[in-house]
Amino acid sequence: MATSSYLLQGPRVALRRVGREDHAELSVLQRESAEMLRRWLGTREMTVEAFEGSLERFEQPTRKGFVICLRDTGAIVGGVNINNIVRGSLQCGTLGYTSYASTTGRGYMTEGLGLVLQFALDQLELHRLEANIQPDNTASLNLVKRLGFQREGYSAAFQFINDEWRDHERWAVTAEAVRKTNHPIVR
Ligand SMILES: CC(C)(COP(=O)(O)OP(=O)(O)OC[C@H]1O[C@@H](n2cnc3c(N)ncnc32)[C@H](O)[C@@H]1OP(=O)(O)O)[C@@H](O)C(=O)NCCC(=O)NCCS
């Protein structure tokens, strides 16, 4: 993938939109990470049909899909979606994100999600981004805390994952708060 398709770049990673050509690479990453992802996201098979369906949904104004790539090699190290985008007087969206077994624990997601925040606030003109996180998903909680999100509440039985309605903490960040953080990627 040409670097000209990058929307934003940080010191180590770059952000671009997910595309049809990413299916093979994402399938391998998802397969190698099945155990890690199952606990928090449930079991998901990335068939061509399912992938193409999600690409179609990313064409709609309510959703955007991105991949985070290593600047050195272009390899995908993470994925981020902005879902449920609401315009008008709210200008908000809900984040979904994942790293993979071979890419986690290296700071790529902090940098990459920081780029997503920057793009969402500057280019998509969103004002608020939310993340709903299971209370024992420590890695995800640490990630949003590093990026200046605040805990806003607790939703019992919020999402059906692995055959149960799971409680989630509700975290969010606003444009004002992001601009106050000292994170090197996020202004
Ligand atoms: C949530 C998730 C994306 C977080 O990813 P992550 O790999 O922890 O995040 P980063 O890539 O930013 O890595 C940060 C970790 O790398 C460590 N790290 C190692 N080398 C680093 C470096 N050079 N620079 C920065 N951090 C580094 C950090 O200390 C940090 O670990 P800590 O949180 O234990 O302190 C990942 O755990 C995941 O995909 N989980 C499964 C799916 C999921 O839960 N999605 C979210 C649902 S709400």
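Conventions and cut-offs
Residues numbered from 1 in each chain as written. Predicted model: local features only at pLDDT ≥ 70, side-chain atom pairs only at ≥ 80, totals over all residues. Heavy atoms only, no water. Helix = DSSP H or I, 4+ residues; strand = E, 2+ residues; numbered from the N terminus. Buried < 20%, exposed > 50% of the residue type's maximum accessible area, 1.4 Å probe, protein only. Contact = heavy atoms within 4.5 Å. Salt bridge = Lys/Arg side-chain N within 4 Å of Asp/Glu carboxyl O. Near = heavy atom within 4 Å. Areas by Shrake-Rupley, 256 points an atom, 1.4 Å probe, with all protein chains shown as cover. Nonpolar A, V, L, I, M, F, W, Y, C, P; charged D, E, K, R; others polar. Pairing = 2+ DSSP bridges. Right-handed = clockwise from strand over helix to strand, strands pointing away.

**Student:** Looking at this model, I keep getting lost on the environment of valine 86. Mind explaining?
**Tutor:** Positionally, valine 86 belongs in strand β4 (residues 76-86). Residue classification places valine 86 among the partly exposed residues on the basis of a relative accessible area of 36%. With 62 residues separating them along the chain, valine 86 and glycine 148 place their C-alpha atoms 22 Å apart. Not counting residues within four places of it along the chain, the set of residues in contact with valine 86 comprises Gln91 and Cys92.

**Student:** Looking at this structure, how should I read the pattern of salt bridges?
**Tutor:** Pairing between side chains becomes possible if they bear opposite charge and their charged atoms approach one another. Using the criterion set out here, one finds 8 salt bridges in the structure. A salt bridge links glutamate 111 to arginine 12; the shortest N-O distance between them is 3.7 Å. Taken together, the residues span a long stretch of sequence, with glutamate 111 in helix α4 (residues 108-122) and arginine 12 in the loop between β1 (8-9) and β2 (13-17) at a distance of 99 residues. In this structure, glutamate 164 and arginine 166 form a salt bridge, with 3.9 Å as the shortest nitrogen-oxygen distance. By relative accessible area, arginine 166 is classed as partly exposed at 22%. Bridged by salt links that share partners, the residues Arg128, Glu130 and Glu152 form one connected network.

**Student:** What should I look at first to understand the site of the ligand in this one?
**Tutor:** Close contacts around the ligand come from 23 residues, with Ser99, Thr104, Gly105, Thr110 and Asn137 the closest. In isolation the ligand offers 960 Å² of accessible surface; the protein chains occlude 69% of this area. Elements supplying a minimum of two residues to the shell around the ligand: α2 (34-41), β5 (92-99), α4, β6 (128-133) and α5 (138-146). Among the elements that take part in the shell around the ligand, α5 stands out by supplying 5 residues, more than any other. Among the residues making up the shell around the ligand, the classes are represented as 10 nonpolar, 10 polar and 3 charged.

**Student:** Which parts of the structure should I look at to understand the pairing of β5?
**Tutor:** For a regular strand, side chains alternate in direction, first toward one face of the sheet and then toward the other. Within β5, 7 of the 8 residues are buried, which leaves the element mostly enclosed by the surrounding structure. As paired strands, β4 and β5 are joined by 7 bridges and run antiparallel to one another. Bridging from a neighbouring strand, glycine 79 pairs with threonine 98 of β5. Count of turn residues in the β4/β5 antiparallel hairpin: 5 residues, of which glycine 88 carries a positive phi of about 70°. By the bridge criterion, 3 bridges tie β5 to β6 in an arrangement that is parallel. Residue pairing across strands places cysteine 92 opposite arginine 128, the latter belonging to β6. This β-α-β element, β5 to α4 to β6, shows right-handed connectivity.

Any functional reading would require information beyond the geometric quantities listed.
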